[in-house]
Amino acid sequence: MAVVTQSTARFAAGLSLLLLAGAFLVEYAPFADIQPIRMLFGENVLNFALRAAVPLILGALGGILCERSGIVNIGIEGMMLAGAFAAFVAKNATNHWALGPSLLLGTCATLLTGAAMGLLHALFCLRFGMDQIISGASLILLSMGISATFFDENTVAVGKLAPWPVPLLSAWPVIGPLLFHKPPITYVALLAVAVVGFALAHTRWGLRTRAIGEHPRAADTAGVAVLRLQYLNTTLGGALAGLGGGYLVLEAVGQFQEGMIAGRGFIALAAVIFGNWHPVGALGASLLFGYAQAVHNELLLAQAPFLPRHFVSMIPYVVTVIAVAGLAGRVRAPGSLGQPYLRETEA
Amino acid sequence: MGAVLMAVLGHNPWEAFTGLVAGSAGTAHDLATTVRKTSPFVLTGLSVALAMKAGLFNIGAAGQFLMGSVGAVWVGIQFEGLPVWFHLPLALAAGIGSGSAWGAIPGWLKVSTGAHEVITTVMLNYVAALFAGWTVFAGSTLSTTRPGPLWDPTAGPVSVSPDVLASARIPWILGPSLRIHWGIALALLAALLVWWLMERTRIGFELKTVGAKPLAARYAGMRCGWTTVLAMTWAGGLAGLAGAIETLGVHHKFAPEFGGGVGFESIAIALLGQGYPLGIVLAALLFAVLDAGASKMQFDSGVPSDIIQVIQTLILIFATAPALATWLLNRVSRTQRAAAAAPGLRA
């Protein structure tokens, strides 16, 4: 396990370094004006890659919290959609407020709604004995139905989160604008990776979470309240995934559209698996998938004549399939993933 | 349950309900609409259920449906002068074939690399939607992208295929005015075939064993990998047939927006039917009634038709979590008892 974790972390670090090195090259090397290189490593494409990666990072962290506790979560897509819609509703209802409080309210709404979705998932799976995969699917259906019913296409939310430059750091060449001149949810996502990664590995909560995901009976015997921790983690995970959806409305786009999640929840799930259920690994996977989306975007803007745009748009999805398929035997899911834990007295 | 939901939203549930019934069975025409909507639901529901029997969660029915539509139209718009008895089966077979091929990919990926089918099928849905969009793409004056191979040049800027030749259309059952076609018979036949396959053949038994007890199946010498691919291929074929029937029977041409409406519903139908073909036919009928009645309901009572999706999800949740229904009923009876006891106490 440790070896695998190291290799995913190494992948994340390697990919980030490669992209940064490319960015420095574009900035300073004499051949930087060659268009394909600018397209692959320019500031634009890297900025966009991070932008596209943020919802995946948050969704994947939500998935990790849930799955490391032993509960399968294919409903990330639904949690993100619910979070996005809640953000839009709250933002829209307070359009007449000052921008700051209105956005803050949107953020709270998105966190609470995501948490509610997570709690619902836990209730379905743990209390009402629903199959975990079916519960995930019904979360998606539920949020699709509710958002379609109540979404009014004529409403327009005004304004979105602006970048908060970090003093001093944002003045650095290349790295500054790429990493330290971003709107707040982006910082939150990157910090959350570090926090969840550290907490999983080094705190009592993390040890217990890993224990209930690997072997709930053993954890229960050792005195861990298995179900309570599963409820807690699934709810927290839901809040993170919800924020991933809220990010799209509050920070990236500023509006809500039906179908705006566009499979990001499932790509986040792929990032969970590709990152071997580890936050840093998921960060690397999210960056990879975000980068695929950014390249796709650049190719569309460049109107590459050799490829119809439909095929260019397939890139992010195909990259995800290849990534998930290219991992034979190299990842390992938590031991009790998908099996509901029943105490013998209850069974 | 649905009534409570609507009452909460401030609509008259009775009006909505009568609208729903009238819209699905009020006139011969409405009844015909319900029947017409039943066949794709039956087939995609069967598709999901068959894969589920083999332990696979096929979220890819939408993509397989689209590929089936494209395959059927591709054959249906050419080969002028063929007799109906040859051209129509050929077009249907093309739909089944392309749906099967699309379904086989995630099956093969799962067997050869372990890639989880939930992720690959969803990603392939997006790829299929883009591919199908490209085949009838009208081209663009803004870029140099050329029109797709199945685009109808006489349609101008509209992305649509030419009409399917008369010899490849599924004939109407009671004349063209009611618009019921023989596709419903094909769907019922397919349900019968799936039942026979699963309950009366060796391969069906192997498929169920692999799904229910993979280790036992392996010890018994069954070819688990091959069975997985086969199940996904058949599942894809069923969804592909649904797409073929919709294009050859209802629309008589293909446009990208015809794929809608068979996404996650198919999962709900398969689960509601408990995986049994007869149950799936009934569940499909229920969903068709809801779907057909939805627009009438919106017209009569102002309840937005999208709410049907919420109701369908609630049906799914209550069907797959029986503990939830029992818990709710207990709650209700307890409050009633408390209410009955209260006046006595006061007196």
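Student: Quick question: what am I supposed to make of the overall build of chain A here?
Tutor: Secondary structure assignment for chain A yields 15 helices and two strands. Taken over the C-alpha trace, chain A has a radius of gyration of 20 Å; the compact-globule value for 347 residues is 20 Å, and the two agree within 12%. Across its three principal axes, chain A shows a C-alpha extent of roughly 70 × 50 × 45 Å. Relative to its full complement of 347 residues, chain A shows a buried share of 56%. For chain A, the proportion of contacts with a sequence separation of at least 24, taken over those separated by at least 6, is 75%. As displayed, chain A offers around 14500 Å² of accessible surface, 68% of which is attributable to carbon and sulfur atoms. Averaging the coordinates of the 18 positive side-chain charges in chain A and doing the same for the 15 negative ones gives two points 8 Å apart.

Student: Can you help me understand the interface of chain B and chain A in this one?
Tutor: Often, the extent of an interface is quoted as the loss of accessible area upon association of its parts. Each partner contributes to the interface: chain B provides 40 residues, whereas chain A provides 41 residues. In this assembly, chain B packs against chain A so that about 3700 Å² is buried in total across both faces, 82% of it on carbon and sulfur atoms. One can count zero salt bridges joining chain B with chain A. Run the count over chain B and chain A and you get four residue pairs in polar contact (both at pLDDT 80 or more). Taken together, the elements giving at least two residues each to the side of chain B that touches chain A come down to helix 5 (84–113), helix 6 (117–135), helix 11 (265–272), helix 13 (307–320) and helix 14 (322–346) of chain B. Ranked by residue count, the leading element in the side of chain B that touches chain A is helix 6 of chain B, at eleven residues.

Student: Teacher, can you tell me more about the packing of aromatic side chains here?
Tutor: Aromatic ring pairs are defined here through the distance separating the ring centres and the angle between the ring planes. Throughout the structure, instances matching the rule amount to 13 aromatic pairs over all chains. For the pair A:W172 and A:F180, a centre-to-centre distance of 6.5 Å together with 80 degrees between the ring planes defines the contact as edge-to-face. Measuring from ring centre to ring centre gives 5.8 Å for B:F131 and B:W134, while their planes differ by 45 degrees; the resulting arrangement is tilted. You can see B:F131 and its partner B:W134 sitting in helix 6, three residues apart, about one turn around the helix. Judged by its relative accessible area of 25%, B:F131 falls in the partly exposed class. Aromatic rings pair up to connect A:F85, A:F88, A:F151 and A:F256 into one cluster. One Lys or Arg, B:K53, reaches over the ring of B:Y276 and ends 4.6 Å from the middle of that ring.

Student: Teacher, can you tell me more about the packing of helix 4 (residues 61–76) of chain B against helix 5 of chain B here?
Tutor: Residue and element names in this part refer to chain B. Packing of helix 4 against helix 5 leaves a shortest axis separation of 7 Å and a crossing angle of 145 degrees. Of the two possible hands of crossing, helix 4 and helix 5 adopt the one that is right-handed. Packed against helix 4, whose contacting residues are G63, Q64, M67, G68, G71, A72, V75 and G76, the element helix 5 presents H87, L90, A91, A94, G95, S98, G99, W102 and G103 at the interface. Of the residues in the contact of helix 4 with helix 5, the class split is seven nonpolar, ten polar and no charged.

Student: Just to check I follow, could you spell out the pattern of salt bridges for this structure?
Tutor: As a working rule, side chains carrying opposite charge can pair if their charged atoms are close by. All names here are of chain B. The final tally for this structure, using the stated rule, is five salt bridges over all chains. Among the ionic pairs, K253 bridges to D163, the shortest N-O distance being 3.9 Å. Placement of the pair is K253 in the loop between helix 10 (224–251) and helix 11 and D163 in the loop between helix 6 and helix 7 (183–200), with a sequence separation of 90 residues. A salt bridge links E206 to R202; its shortest N-O distance comes to 3.2 Å. Here the residue E206 and the residue R202 both occupy positions in helix 8 (residues 202–212), the gap between them amounting to four residues, near one helical turn. Note on E206: relative accessible area 7%, which makes it buried. Overall, R202 belongs to the exposed group, its relative accessible area being 62%.

Student: Got a minute to help me understand a positive patch on the surface in this structure?
Tutor: Positive charge collects at one region of the surface, where A:R127, B:R331, B:R334 and B:R337 lie side by side. Of all the elements, helix 14 of chain B adds the most residues to the positive patch, at three residues. Along the chain, B:R337 turns up in helix 14. For B:R337, a relative accessible area of 56% translates into the label exposed.

Student: Which parts of the structure should I look at to understand a nonpolar patch on the surface?
Tutor: Where nonpolar side chains cluster on the molecular surface, the patch consists of B:L189, B:L192, B:L193, B:W195 and B:W196 and spans about 560 Å² of accessible area. Judged by its relative accessible area of 45%, B:W196 is partly exposed.

Student: Teacher, can you tell me more about unusual backbone geometry here?
Tutor: Peptide bonds are trans in most cases, and residues, glycine excluded, mostly fall at negative phi. Residue and element names in this part refer to chain A. Positive phi, close to 60 degrees, is recorded for N276, a residue that is not glycine. The residue N276 is located in the loop between helix 12 (264–274) and helix 13 (279–302) in this model. On the basis of relative accessibility, which here comes to 1%, the residue N276 falls in the buried class. Positive phi outside glycine occurs at W277, with the angle close to 60 degrees. Within the element layout of this structure, W277 appears in the loop between helix 12 and helix 13. Residue W277 is classed as buried on the basis of its relative accessible area of 6%.

Cut-offs applied
Residues numbered from 1 in each chain as written. Chains lettered and ligands numbered in written order. Predicted model: local features only at pLDDT ≥ 70, side-chain atom pairs only at ≥ 80, totals over all residues. Heavy atoms only, no water. Helix = DSSP H or I, 4+ residues; strand = E, 2+ residues; numbered from the N terminus. Rg over C-alpha atoms; globule rule 2.2 N^0.38 Å. Buried < 20%, exposed > 50% of the residue type's maximum accessible area, 1.4 Å probe, protein only. Contact = heavy atoms within 4.5 Å. Areas by Shrake-Rupley, 256 points an atom, 1.4 Å probe, with all protein chains shown as cover. Lys, Arg positive; Asp, Glu negative; His and termini not counted. Charge placed at Lys NZ, Arg CZ, Asp CG, Glu CD. Buried area = accessible area lost by both parts, 1.4 Å probe. Salt bridge = Lys/Arg side-chain N within 4 Å of Asp/Glu carboxyl O. Polar contact = N/O pair within 3.5 Å; in protein donor to acceptor, adjacent residues only side chain to side chain. Phe/Tyr/Trp six-rings, centres within 6.5 Å; stacked < 30°, edge-to-face > 60°. Lys NZ or Arg CZ within 6 Å of the ring centre and 35° of its normal. Axes fitted to C-alpha atoms, helices over the stretch in contact; angles between N-to-C directions. Left-handed = near helix turned anticlockwise from the far one by under 90°. Nonpolar A, V, L, I, M, F, W, Y, C, P; charged D, E, K, R; others polar. Patch = residues over 30% accessible without salt bridge, like charges linked within 9 Å, V, L, I, M, F, W, Y side chains within 5 Å.

Any functional reading would require information that these geometric values do not contain.
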